[in-house]
Amino acid sequence: MRCDLVVVGAGPAGSMTAKAAAEAGLKVVMLEKRQEIGDPVRCAEGVSKASLKKLVNPDPSWISAEVKGARIRAPDGTEIVISEDRAGAEVGYVLERKVFDRALAQKAAEAGAKVMVKTRALGLLWDEGVPAGVTAQFVGERFRIEAPLVIGADGVESKVGRWAGIDTALKPKDIETCAQFLVQDEKIDDDYCEFYLGNDTAPGGYVWSFPKGRGIANVGIGVLGSKSDPGMPMRLLREFMKARFPDGKVLEVVVGGVPVSGPIERTVADGVILVGDAARQSDPITGGGIINAMDAGVMAGEIAADLVPKGEVDSGSLQVYEKRWRETIGKHISRNFAIKEFFVDLTDDDLNHLVHSLDGIDVAELNLRGLLKVLIRQNPKHLLKLRHLIV
Amino acid sequence: MLTVNRYKCGYCGACVGVCPAGALELVETWIEVNDDCTRCGRCAKICPLGALELIKEAKA
Ligand SMILES: Cc1cc2nc3c(=O)[nH]c(=O)nc-3n(C[C@H](O)[C@H](O)[C@H](O)COP(=O)(O)OP(=O)(O)OC[C@H]3O[C@@H](n4cnc5c(N)ncnc54)[C@H](O)[C@@H]3O)c2cc1C
Ligand code: SF4
Ligand code: SF4
């Protein structure tokens, strides 16, 4: 088989890449090793409404719920609410990734991309030392796909970069290890996302509850890898459930890892581009990666459509991609990495102090940046180190 | 030797992402370990379910 572009992985990054490139006229093949796109889910499914709308028209079939705001609970139990209730605005969506991921793949297919599921990329094809496509396996059968450019959208377990000589291995301090239950409980508030902080609750991370409507929510935990031990996320999540939702029914179990490494040294090689979690583009503070993955996918797809017809796919030519993502989403990722490095070592006293300082304060900009700005205003001395990052 | 408890594993791929040796691969719903494993233990430390374990081999 021969094409202009092979995309490995059909998550949000891969599908947006394939869609953008196919729309611009490239002959695209997208491979997904799972037999069902999007399943099993590895996500808490929360996204900013405004950011998502810039990339795709929201469709009720893949939106589980809309949320009005967030509650943050300090280790000592103090709770603050941040919301835009007064304006009645909904600020976030909680998605149904199983439906969402497939809908994005469908868009790529509609744009003309060939989608192959249950098809695993096994390695790169090489032609005189230059990558020239991939070998893959479909229901046990091996075959070759020749293409001048391969885009690795293969998620946290990415191999495409490694095959091309890019070291993407994450250090324990650069991954949040996560467990999550889909919980049914009458105590679940359908309107608010909740965050629980504390070194006993979730070392170097947090516990979240993202409502999916009608009394169910994704209740999960992220623990910083360097502070974890085997099985810790699952153990702590069960402890949390016992304390907070003792009668909660568990309808689904999710596990996974989120890169929180900040930008890695390089995301292109000759004939290869990495996007999304494969390029470690998830947000180091929130662990959110859907929007960045989609953004990077669009950039990579458009750049591929420009460069492949010209035959300019060497790592030098592909610097356009490095430059474009680092100047846009990369800036936020770098900044949030620095902030994360500061936050993960705070004591419970520090965290209590910070949450208390938000009590009764109006957080006008309901996003991470807005929240951090207020935190710095309220704690100028304590957060001196962060000041230059935010303003 | 690194052992994978298939009955515990949730096939999330997190271990694959941290392995410095590239010794792991998520194939369908199981984790495969190849000979490049250096028994560094990093994957076991971060597995959210505790499905990986380094077992000391008896010296021959
Ligand atoms: C517990 C948890 C909670 C999270 N919560 C949120 C959240 O609330 N909001 C948010 O924005 N983000 C969240 N994230 C992060 C988010 O899930 C990822 O950032 C996002 O899925 C990245 O998209 P992607 O397309 O890069 O990778 P993925 O969605 O992981 O897709 C990669 C795809 O590549 C496929 N693949 C891998 N190797 C091969 C191969 N060799 N051949 C073929 N196919 C292959 C995989 O099967 C997979 O389908 C969370 C992550 C976890 C683990
Ligand atoms: S990290 Fe653990 S649960 Fe996830 S794939 Fe590896 S062994 Fe399985
Ligand atoms: S023990 Fe180390 S080298 Fe072996 S599979 Fe785990 S992370 Fe890789």
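Conventions used here
- Each chain carries its own residue numbering, running from 1 in the written order of its sequence.
- Chains carry letters and ligands carry numbers; both start at the beginning, A for chains and 1 for ligands, and go up in the order they are written.
- Where totals are concerned, whole chains, interfaces and linings use all residues; where local detail is concerned, this predicted model gives features only for residues with pLDDT of at least 70, and gives and counts side-chain atom pairs only at 80 or more.
- Derived side-chain values reflect all non-hydrogen atoms in the structure, with water molecules and hydrogen atoms excluded from consideration.
- Strands here mean DSSP runs of E at least two residues long; helices mean DSSP runs of H or I at least four residues long; both are numbered from the N terminus.
- For the radius of gyration, the atoms used are the C-alpha atoms, and the globule rule reads 2.2 Å times the number of residues raised to 0.38.
- The rule is simple: take the accessible area with a 1.4 Å probe, protein chains only, and divide by the maximum for that residue type; under 20% is buried, over 50% is exposed, in between is partly exposed.
- The contact rule is simple, with two residues in contact once any of their heavy atoms fall within 4.5 Å.
- Residue-level accessible areas treat just the shown protein chains as cover; the underlying method is Shrake-Rupley with a 1.4 Å probe.
- When charges are tallied, Lys and Arg are placed among the positive residues and Asp and Glu among the negative ones, while His and the ends of the chain are skipped.
- Here the site of a charge means atom NZ of a Lys, CZ of an Arg, CG of an Asp or CD of a Glu.
- For this description, a residue counts as near a given molecule or strand if any of its non-hydrogen atoms is within 4 Å of it.
- Gly counts as polar in this scheme, as do all residues outside two lists: the nonpolar Ala, Val, Leu, Ile, Met, Phe, Trp, Tyr, Cys and Pro, and the charged Asp, Glu, Lys and Arg.
- Two strands make a pair as long as DSSP finds a minimum of two bridges between them.
- Lines fitted to C-alpha atoms define the axes, with helix axes restricted to the stretch in contact, and inter-axis angles between N-to-C directions lie between 0 and 180 degrees.
- We call a set of buried residues a nonpolar core when its members are Ala, Val, Leu, Ile, Met, Phe, Trp, Tyr or Cys and they connect through side-chain atoms within 4.5 Å of each other.
- Summed over both partners, buried area is the accessible surface (1.4 Å probe) that two parts give up on being assembled.
- Should a side-chain nitrogen of Lys or Arg be within 4 Å of a carboxyl oxygen of Asp or Glu, the pair is scored as a salt bridge.

Caption draft 1: Examining the overall build of chain B more closely. Looking only at helices and strands, chain B features two helices and four strands. Seen in sequence order, chain B has helices and strands lined up from the N terminus as β-α-β-β-α-β. A compact globule built from 60 residues would reach a C-alpha radius of gyration of about 10 Å, and chain B, at 11 Å, matches this within 12%. Overall, chain B is about 35 × 20 × 20 Å in size when its C-alpha atoms are taken along their principal axes. When each of the 60 residues of chain B is scored for burial, the buried share is 43%. In chain B, the share of contacts with a sequence separation of at least 24, taken over all contacts with a separation of at least 6, comes to 51%. When the accessible surface of chain B is summed, it comes to about 3400 Å², and 50% of that surface belongs to carbon and sulfur atoms. In chain B, 7 side chains carry a positive charge and 7 a negative one; their mean positions are 12 Å apart.

Caption draft 2: Structural view of the site of ligand 3. Taken together, L2(B), C19(B), P20(B), A21(B), L24(B), C37(B), T38(B), R39(B), C40(B), G41(B) and C43(B) are the residues near ligand 3. Of the residues contributing to the shell around ligand 3, the split by class is eight nonpolar, two polar and one charged.

Caption draft 3: The arrangement of the site of ligand 2 in detail. Every residue near ligand 2 is listed here: C9(B), G10(B), Y11(B), C12(B), G13(B), C15(B), I31(B), C47(B), P48(B), A51(B) and L52(B). Taken together, the residues that form the shell around ligand 2 break down as nine nonpolar, two polar and no charged.

Caption draft 4: Up close: the sheet that holds strand β14 (residues 192-196) of chain A. Residues and elements named next belong to chain A. Here seven strands make up an open sheet; going across it, the order is β6-β5-β14-β15-β16-β13-β17 and the pairing mixed. Pairing within the sheet leaves two strands with one partner each, and these edge strands are β6 (79-83) and β17 (249-259). Neighbour to neighbour, the strand axes of the sheet diverge by 20° on average, direction disregarded. Bridge count between strand β13 (residues 175-184) and β17: ten bridges; the pairing is antiparallel. The residue of β17 that forms the bridge with V183 is V250.

Caption draft 5: Examining the nonpolar core more closely. Grouped together as the largest cluster of nonpolar side chains are 41 residues, with contacts concentrated most on V219(A), I221(A) and L24(B). Taken together, the elements giving at least two residues each to this core come down to β13, β16 (216-224) and α5 (232-244) of chain A together with α1 (14-18), β2 (24-27) and α2 (42-46) of chain B. Considering every element that reaches this core, the biggest residue donor is α5(A), with six residues. Dropping the residues within four chain positions of it, I221(A) is found in contact with T177(A), C178(A), A179(A), T201(A), A202(A), Y206(A), V207(A), W208(A), P233(A), L236(A) and L237(A). Within the second largest apolar cluster, 35 residues are counted, among which are A13(A), A113(A), V275(A) and A293(A).

Caption draft 6: Broad picture of the interface of chain A and chain B. Opposite the 30 residues of chain A that make contact, chain B presents 25 residues. Roughly 2100 Å² is buried in total at the junction of chain A and chain B, and carbon and sulfur atoms are behind 56% of that figure. Linking chain A with chain B are three salt bridges. Between K118(A) and E28(B) there is a salt bridge whose closest N-O contact spans 3.0 Å.

Caption draft 7: Spatial organisation of the environment of R238(A). All names here are of chain A. Locating R238 in the fold gives a position in helix α5. You can call R238 exposed: its relative accessible area is 54%. A C-alpha to C-alpha distance of 9.8 Å links R238 and G220, two positions 18 residues apart in sequence.

Caption draft 8: Focus on the pairing of β13(A). Residues and elements named next belong to chain A. Where burial is concerned, most of β13 is hidden: nine out of the ten residues are buried. Looking at chain direction, β13 and β16 are connected through nine bridges and run antiparallel. In the strand pairing of β16, C178 is matched with G222.

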